[in-house]
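Reading the structure
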Amino acid sequence: MLVIEELKADTREAVIIKCYEEVFPLAASHIQRMGGSLEEAKEVFQVAIVFYYEKLVHGDFQPEVGDVAYLMGIVKKQWLKYREKSKVHQNLENIEIIDVSDEKPLTKKLLHYLKLSGKRCMDLLQSFYYEKLTMRQMADQYGYTSERSATVQKYKCLEKVRDEIKLKSIQYEDFFE
Amino acid sequence: MKTSLNETIEIENLLLQQGDTSDRLVTEAKVLSNSEFKEKVQWQSLAYDLVNLYGRDKLLKEIKVIENRLFSTSKYQSFQNQIYSIFKK
């Protein structure tokens, strides 16, 4: 059901709904059996879909086991990770905790800045580099007359973002520390 | 296409390991001999990382909106009942 051909043919939204309808009941049952709540199941499943999507889109990956089983494998692994994090948090709840998320604070700062200052460029770039749309799809989605125009615009945006990162990073002097 | 755009493409081919191999070797040599160019390569590499993080953030938001709809609209009532029954156990 969730194979890459389908991801290309369907909208991303349709594929996400399918994931929920076909796999979330299994994921929820597993998490409930392990003592988790509905809110925790939702949180774990959201991240599992992101990982699964990246596996499908960013490589020529095809799961050897069925894709429902593969997504469930990610859910189980993600649940263990989530539980581990919660335990650490509980043990330290009386101690002042610094932000230990995966993104560095200055990466977050830069990302926040780019979201505000160049949303259109970031949208366009992520469509190509993250969603892996073709230039034809890019041209249609962003209203360019040809694939060539979309290509030129993509590189202009990349230059703009690169230069803004440089400028802002110099301002946030400790960026690479 | 302007020279600066050609340079951006050259860096992209190097970082994403695409295009002609011999051209990439020339670019690699340029990285070693030109510090300004080397710096540009580093900033562009960071730009790809941030674009991917932005894409991931966007997908996560999209998933949350869809999930919210699945749990709040009557169209998905049977799905909601199925899930709520799991947590009533």
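Our structure is the block above this text.
Computed from a prediction, not measured in an experiment: that's the story for all the values here.

**Some details on the overall build of chain B**
From N to C terminus, chain B includes four helices and zero strands. Scanning chain B from its N terminus toward the C terminus, one meets helices and strands in the order α-α-α-α. Here chain B holds 89 residues, and 35% of them are scored as buried. Counting only carbon and sulfur atoms, one obtains 51% of the accessible surface of chain B, whose full area is about 5,200 Å².

**Observations concerning the state of the cysteines**
Residue and element names in this part refer to chain A. Across all of its chains, the model carries one disulfide over all chains by this definition. Residue Cys 121 pairs covalently with Cys 157 via a disulfide, S to S 2.1 Å. In this structure the cystine formed by Cys 121 and Cys 157 twists about its S-S bond by roughly -75°; its chirality is therefore left-handed. Of this pair, Cys 121 sits in helix 6 (residues 119–129) while Cys 157 is found in helix 8 (residues 147–171), placing the two residues 36 residues apart along the sequence.

**Examining the nonpolar core**
Core analysis: the largest hydrophobic core is formed by 36 residues, its most contacted members being A:Tyr20, A:Phe24, A:Phe45, A:Val75, B:Leu70, B:Phe79 and B:Ile83. Those elements giving two or more residues to this core turn out to be helix 2 (12–33), helix 3 (38–57) and helix 4 (67–91) of chain A together with helix 3 (35–70) and helix 4 (77–88) of chain B. It is helix 3 of chain A that provides the largest number of residues to this core, a total of eleven residues. Once you skip the residues sitting within four places of it in the chain, A:Tyr20 turns out to touch A:Pro25, A:Phe45, A:Gln46, A:Ile49, B:Ile63, B:Glu67, B:Leu70 and B:Phe79. Formed by 32 residues, the second largest nonpolar core is a distinct cluster that contains A:Leu114, A:Tyr144, A:Tyr155 and A:Tyr172.

**Some thoughts on the packing of aromatic side chains**
Per the counting criterion, the structure on display carries twelve aromatic pairs over all chains. With a centroid separation of 6.3 Å and 45° between ring planes, the pair formed by A:Phe24 and B:Phe79 is classed as tilted. On the criterion of chain membership, the pair formed by A:Phe24 in helix 2 and B:Phe79 in helix 4 is interchain, its members lying in two chains. Of the two residues, A:Phe24 and B:Phe79, both sit in the buried class. Grouped by ring-pair contacts, the aromatic residues A:Tyr20, A:Phe24, A:Phe45, B:Phe71, B:Phe79 and B:Tyr84 constitute a single cluster. In this structure, A:Lys154 packs its charged tip against the face of A:Phe128, placed 4.0 Å from the ring centre.

So, how was this worked out
- Residues numbered from 1 in each chain as written.
- Chains lettered and ligands numbered in written order.
- Predicted model: local features only at pLDDT ≥ 70, side-chain atom pairs only at ≥ 80, totals over all residues.
- Heavy atoms only, no water.
- Helix = DSSP H or I, 4+ residues; strand = E, 2+ residues; numbered from the N terminus.
- Buried < 20%, exposed > 50% of the residue type's maximum accessible area, 1.4 Å probe, protein only.
- Areas by Shrake-Rupley, 256 points an atom, 1.4 Å probe, with all protein chains shown as cover.
- Disulfide = S-S within 2.5 Å.
- Core = buried A, V, L, I, M, F, W, Y, C linked by side-chain atoms within 4.5 Å.
- Contact = heavy atoms within 4.5 Å.
- Phe/Tyr/Trp six-rings, centres within 6.5 Å; stacked < 30°, edge-to-face > 60°.
- Lys NZ or Arg CZ within 6 Å of the ring centre and 35° of its normal.

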